[in-house]
Amino acid sequence: MEAASEEISKQKKRFWDRLLPLRYWFGADAAGGLELGQAKTRLICTFVGLCGLGVIATFTRVPLSVMATGVAFLLYALFYLVLVRRRPVPTHTRRGFAVLVDNLANIYIAYFGGPFAAYAGFLFLVTIGWGLRFGRHYLVLATAIAILGMVCNLVVSPYWEENLLFGATLIFGLLANTLNASILQGRIATANRQLAEKVEEVSRLAWQDQLTKLPNRPYFRERLGQMLAAAARSGRQVALLLFDIDGFKAVNDTLGHEAGDRLLREIAERVGRRVRQADTFARVGGDEFVILMDIVHDKSDAIPVAETVVGAIAEIDTFAGQGLRVGASVGIACSGGISARERIADELLIQADRAMYEAKRAGKGRYKFADEGG
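So, here is what we can say about the structure in this document. (Residues numbered from 1 in each chain as written. Predicted model: local features only at pLDDT ≥ 70, side-chain atom pairs only at ≥ 80, totals over all residues. Heavy atoms only, no water.)

### Comments concerning the nonpolar core
Counting 35 residues, the largest nonpolar core has Leu241, Phe243 and Ile313 as the members making the most contacts within it. Residue assignment for this core shows that the elements contributing at least two residues are β1 (237–246), α10 (248–255), α11 (257–274), β3 (288–295), α12 (302–314) and β4 (327–334). Broken down by element, the residue count for this core peaks at 7 residues, all from α12. Apart from residues no more than four positions distant in its own chain, Phe243 is found in contact with Ile267, Phe281, Asp287, Glu288, Phe289, Ile291, Val309, Ile313, Ala328, Ser329, Val330 and Met356. The next biggest cluster of nonpolar side chains, apart from the first, holds 22 residues, and it includes Leu74, Leu81, Val84 and Tyr138. (Core = buried A, V, L, I, M, F, W, Y, C linked by side-chain atoms within 4.5 Å. Buried < 20%, exposed > 50% of the residue type's maximum accessible area, 1.4 Å probe, protein only. Helix = DSSP H or I, 4+ residues; strand = E, 2+ residues; numbered from the N terminus. Contact = heavy atoms within 4.5 Å.)

Quick look at the structure:
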C-alpha cells in the first residue's frame, strides 16, 4: 500500500515538474532572481493599470467589481513581492497560482468591454513575460489560459458578442505572438548552448597540450597546487614523477621534428593507458612529462608507477630500423621530503628535476628519488 502511494506521489511530482518546471530554461539556476524581477514588473504594471482605471473613471463609471479587482491585484502583487524576497526558492503552487491570477485579472476587466477592452492588451505582456522568463512551458500555459478566457468573454460578454471580429483578432494575435516568441526562445537556447560549448572548448584548449592532447604545464601547476593543499589538510603526501625521453634528441636530429612529434604522441598514448585515472599525467614542455599522485602509505607507492613509465617507453621500437632506441629517466620528489618552510610547488619540481638528472647520470632508463643523493 505504501509503495503504491509513493509511486502515485512520484507520478504527481513528475507531472508538475513537466507542467511547471522550476529550472531556468536558459540553462542556469537563476529562477529565484527571475521570479523577483517578475514580481517587481508585476507591481509596476499594476500601478499602470490602476492609473488607467483612474483615467477611465474621469470619462465613465467604473464598475465596483473592476475597482475591487484592481485593488485586490495590487495587494496580491505586493504580497507576492514580499513572499519572493523572503522565500526565493520557487514552488509549483506559487508559480501555478501566479500564472493563473495574472491572466484572469486582465480577462475579467476586459470582459466589460468599451475602454476596459484595452486591458486585453496586458495579456500579451503577461504571456510573453512568463514565456521569456520561465520558458516555453509557461509561454504555452499562459497563452492557453489567456485564449480560453477571451473565448469565454466572446461567449458571455455583451460587448464581445457584438465585437467578435475584434476578439478573434486578439486571439489570433496571442497565437501569433506565442509562436514567434517560441521560435525566438528556441534560437536563443540554441545560441546559448553553442556559446557554452565554445567556452568549454576554449577552456579545454587553454589547459591542453595541442600535440599530445595531455594536460599542459599551466594545468599541471594548477593541479599541483590543489593536490598539495589537499595533502596538507589530510596529512598525506604528494609524489611528483618527472621524466624526459632518453634518445629524443637523436630522433629529432636524425629523422626530423615530424618523427619527434610522432614519438611524443606515442609516449602520451602508451603511458596514458597505464597510469591510474586518479593520477595526473601532463606534458610540461619539450620531451618532459610529469605524473602527480597521492601517496597512501610511503614513497614506495611511486615505484610501480615509475617502473611502468620506464617499461612502457622502453617497449617503443618505432625507430629501431634506423638504429634508434628511446627510454625514460624518472626523477621522483615527495612533498614529505620538503621542510615546512619550503613546501611549495616550485621546490618539489626542482627536486624532481635534480633526481631525474641523477637517474641519467646513473645510466638512464631508470628512476631516482630526490632524497637518495648522488
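That was the structure; now back to the text.
### A word on the sheet that holds β1
The strand order β2-β3-β1-β4-β5 describes an open sheet built from 5 strands, whose pairing is mixed. Every other strand in the sheet has two partners, leaving β2 (280–285) and β5 (367–369) as the edge strands with one partner each. If you compare each strand with its neighbour and ignore which way they point, the axes differ by 20° on average. Pairing geometry for β1 and β3, over 8 bridges, is antiparallel. The partner of Phe243 across the bridge, within β3, is Phe289. Its contacts with the sheet place α11 against β1, β2 and β3, and it is angled at close to 160° to β2. (Pairing = 2+ DSSP bridges. Axes fitted to C-alpha atoms, helices over the stretch in contact; angles between N-to-C directions.)

### Structural notes on the packing of helix α3 (residues 64–86) against helix α4 (residues 92–111)
Running from amino to carboxyl end, α3 crosses α4 at an angle of 155°, the nearest separation of the two axes being 11 Å. When the axis of α3 is compared with that of α4, the two are roughly antiparallel. As for how α3 packs across α4, the hand of that crossing is left-handed. When α3 is examined against α4, the residues Ser65, Val66, Thr69, Phe73, Tyr76, Tyr80, Leu83 and Val84 are found in contact with a partner set consisting of Arg94, Phe97, Ala98, Val101, Asp102, Ala105, Tyr108 and Ile109. For the contact of α3 with α4, the residue count by class is 12 nonpolar, 2 polar and 2 charged. (Parallel < 35°, antiparallel > 145°, perpendicular 65-115°, else oblique. Left-handed = near helix turned anticlockwise from the far one by under 90°. Nonpolar A, V, L, I, M, F, W, Y, C, P; charged D, E, K, R; others polar.)

### Regarding the packing of helix α5 (residues 122–134) against helix α8 (residues 164–206)
α8 packs onto α5 with a crossing angle of 20° between their chain directions and a minimal axis gap of 10 Å. One element, α5, and the other, α8, form an angle in the roughly parallel class. Between α5 and α8 lies a crossing whose hand is right-handed. The residues of α8 that touch α5, namely those facing Leu123, Phe124, Thr127, Ile128, Gly131 and Leu132, are Leu170, Gly173, Leu174, Asn177, Ala181 and Gln185. Counted by class, the contact of α5 with α8 contains 7 nonpolar, 5 polar and no charged residues.

### What about the pairing of β3?
The element β3 is extensively covered by neighbouring structure, given that 7 of its 8 residues are classed as buried. Across 5 bridges, β2 lies against β3 in antiparallel orientation. What sits directly across from Ala282, in β3, is Val290. Between the end of β2 and the start of β3, which pair antiparallel, lie 2 residues, with Gly286 showing a positive phi angle near 55°.

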